[in-house]
Amino acid sequence: MIVSDWREAGDGLAEAYRVEARRARSLLHWNTDANWRIVETARAHGHLPGRVVRDIDGHWHGWTFFLLHDGALQIGAFSTDSEAATDALVRDLLRSPEASRASRVTLFGFVSAPGLAGRLRTEGFTVEPHLYLTTRLDQAGGSVQGLDAWTPETTADVAELLSAAYPGSDPMRPFASEGRMEEWRDYVRALIEAGGCGTFMPEASLAISSAVGQLDGVAIITRLDADTAHLAQMAIRPSAQRRGVGQRLLAAAMGLARARQCERMTLLVNAGNCPARALYDRMGFTSRAEFLSAARINRVA
Ligand SMILES: CC(C)(COP(=O)(O)OP(=O)(O)OC[C@H]1O[C@@H](n2cnc3c(N)ncnc32)[C@H](O)[C@@H]1OP(=O)(O)O)[C@@H](O)C(=O)NCCC(=O)NCCS
């Protein structure tokens, strides 16, 4: 197997993106065409490091790209057709100059590369599965009484609510892993302004406030395709949990998404998040695919 820099390997990438986009659409109902256009622009301009792996006859067996952001190396995509290709790509990636400068290496995505989870574990990664759940919205509809429509003030306050609902740091959390407020604000910007997880649907997103006006819960909805809404984030302040608030917010948001021509809603949940899984189970969500979440803390040089 021969690994080379993908910035000098444009041929073959259009097909590679097409394969990923087709897979995302058919399995996840997620239209990723725009994401791949952004990736290709960044690659073609030399801003996005990545690798391709070929055999000695020049046939493609896989590719990956990664980004060093805030000291962490985020693996953006990883696709191979064999364990040998996985092995070659992981080895090269972890020896890259970008990896040697990173304090953490993370991967979060819909990844089916043969042998990847096991290979990452042998390299010292912790690997946690996340489930991609879906439900039809044919019967959806919940009262919005007592709930608030999404406003710019909600956007301004949501980072604080998230930091309360996900207290402290968690190296395995795919967002705001250090729990710093600046990370939470970046995460909210990525969800709401940058379309990091579909296109934000303020008209289907909801909030709830306490008697003194404090934001107590949110359901952030995005659109993944014309007929598919996504629960991009849901959080209830710990003092308001287990009182039916999450269920009310979600039922109402599902009804609003249905009224906006969405046939289904999808979401991602850590397989170990029992409270959230119990709620989604009750709301009729079932598992459709598995995502991989992997993280490794690097020794600081
Ligand atoms: C998951 C979360 C949104 C649930 O919100 P909530 O308002 O506490 O949930 P509800 O009170 O509406 O619970 C509805 C049902 O969900 C299930 N559920 C909720 N919390 C649960 C818990 N801690 N343990 C077991 N089941 C739970 C129960 O079936 C519950 O019904 P019941 O109380 O009649 O038994 C909330 O715990 C939270 O914000 N967690 C932190 C952030 C998070 O993990 N978000 C989900 C990301 S995918």
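Residues numbered from 1 in each chain as written. Predicted model: local features only at pLDDT ≥ 70, side-chain atom pairs only at ≥ 80, totals over all residues.

> Explain the overall build of the protein to me, please; I cannot follow it from the model alone.
Looking only at helices and strands, the protein features nine helices and 13 strands. Here the protein has a C-alpha radius of gyration of 20 Å; the compact-globule value for 301 residues is 19 Å, and the two agree. Expressed along its principal axes, the backbone C-alpha trace of the protein runs to roughly 65 × 40 × 35 Å. Residue burial in the protein is summarised as follows: out of 301 residues, 38% are buried. Within the protein, contacts between residues separated by at least 24 positions form 70% of all contacts whose residues are at least 6 apart in sequence. (Helix = DSSP H or I, 4+ residues; strand = E, 2+ residues; numbered from the N terminus. Rg over C-alpha atoms; globule rule 2.2 N^0.38 Å. Buried ≥ 20, exposed ≤ 12 C-beta atoms within 10 Å, placed from the backbone. Contact = placed C-beta atoms within 7 Å.)

> What am I meant to see in the site of the ligand here?
Around the ligand there are 20 residues in total, and Gln241, Gly246, Gln247, Pro275 and Leu279 lie nearest to it. Among the elements of the structure, strand 11 (228-236), helix 8 (245-259) and helix 9 (274-282) are those that each provide at least two residues to the shell around the ligand. Of all the elements, helix 9 adds the most residues to the shell around the ligand, at six residues. Residue classes in the shell around the ligand are distributed as twelve nonpolar, five polar and three charged. (Near = placed C-beta within 6 Å. Nonpolar A, V, L, I, M, F, W, Y, C, P; charged D, E, K, R; others polar.)

> It is not clear to me how the domain arrangement of the protein should be interpreted in this structure. Could you clarify?
Interfaces are often sized by the amount of accessible area the parts lose when they come together. The assigned domain composition of the protein is domain 1 (2-124) and domain 2 (135-290). Its C-alpha centre places domain 1 at a distance of 29 Å from the equivalent point of domain 2. At the junction of the two partners, domain 1 supplies seven residues and domain 2 supplies eight residues. Taken together, the residues of the side of domain 1 that touches domain 2 break down into five nonpolar, two polar and no charged. (Domains from an automatic or database assignment.)

> Honestly, the environment of Arg22 in this entry has me stumped. Any pointers?
Take Arg22: it is sitting in helix 1 (residues 13-28). Residue Arg22 is classed as exposed on the basis of its C-beta count, with 11 C-beta atoms lying within 10 Å. With 194 residues separating them along the chain, Arg22 and Asp216 place their C-alpha atoms 38 Å apart.

> What should I look at first to understand helix 7 (residues 181-192) in this one?
The terminal C-alpha atoms of helix 7 lie 16 Å apart, and with twelve residues this matches the ideal 16 Å at 1.5 Å per residue to within 8%. Trp184, Tyr187, Val188, Leu191 and Ile192 are the residues of helix 7 that are buried. Viewed end-on, helix 7 has its buried residues packed into an arc of 115°, placing them on one side of the element. Structurally, helix 7 contributes buried residues whose contacts are with helix 6 (152-165), strand 8 (199-200), strand 10 (215-225) and strand 11. (Expected span 1.5 Å × (residues − 1). Arc of directions from axis to C-beta.)

> Can you help me understand the pairing of strand 12 (residues 264-270) in this one?
In regular strands, side chains alternate between the two faces of the sheet. Counting buried positions along strand 12 gives six out of seven residues, so the element sits mostly inside the fold. Across seven bridges, the pairing between strand 6 (residues 126-136) and strand 12 is antiparallel. Within strand 12, the residue paired with His130 across the bridge is Asn270. Relative to strand 12, strand 11 runs parallel, the two sharing four bridges. Residue pairing for strand 12: Leu231 is matched across the bridge by Leu267. Of the crossover connections in this fold, the one passing from strand 11 over helix 8 to the parallel strand 12 is right-handed. (Pairing = 2+ DSSP bridges. Right-handed = clockwise from strand over helix to strand, strands pointing away.)

> How do you make sense of the packing of helix 6 against helix 7 when you look at a structure like this?
A pair of packed helices is characterised by two quantities: the angle between their axes and the separation of those axes. It is at 9 Å that the axes of helix 6 and helix 7 come closest, and there the two elements cross at 125°. One finds that helix 6 runs oblique with respect to helix 7. In this structure, the crossing between helix 6 and helix 7 has a hand that is right-handed. Between helix 6, through Thr155, Val158, Ala159, Leu162 and Ser163, and helix 7, the contact on the second element is made entirely by Met181, Trp184, Arg185, Val188 and Ile192. Classifying every residue of the contact of helix 6 with helix 7 gives seven nonpolar, two polar and one charged. (Axes fitted to C-alpha atoms, helices over the stretch in contact; angles between N-to-C directions. Parallel < 35°, antiparallel > 145°, perpendicular 65-115°, else oblique. Left-handed = near helix turned anticlockwise from the far one by under 90°.)

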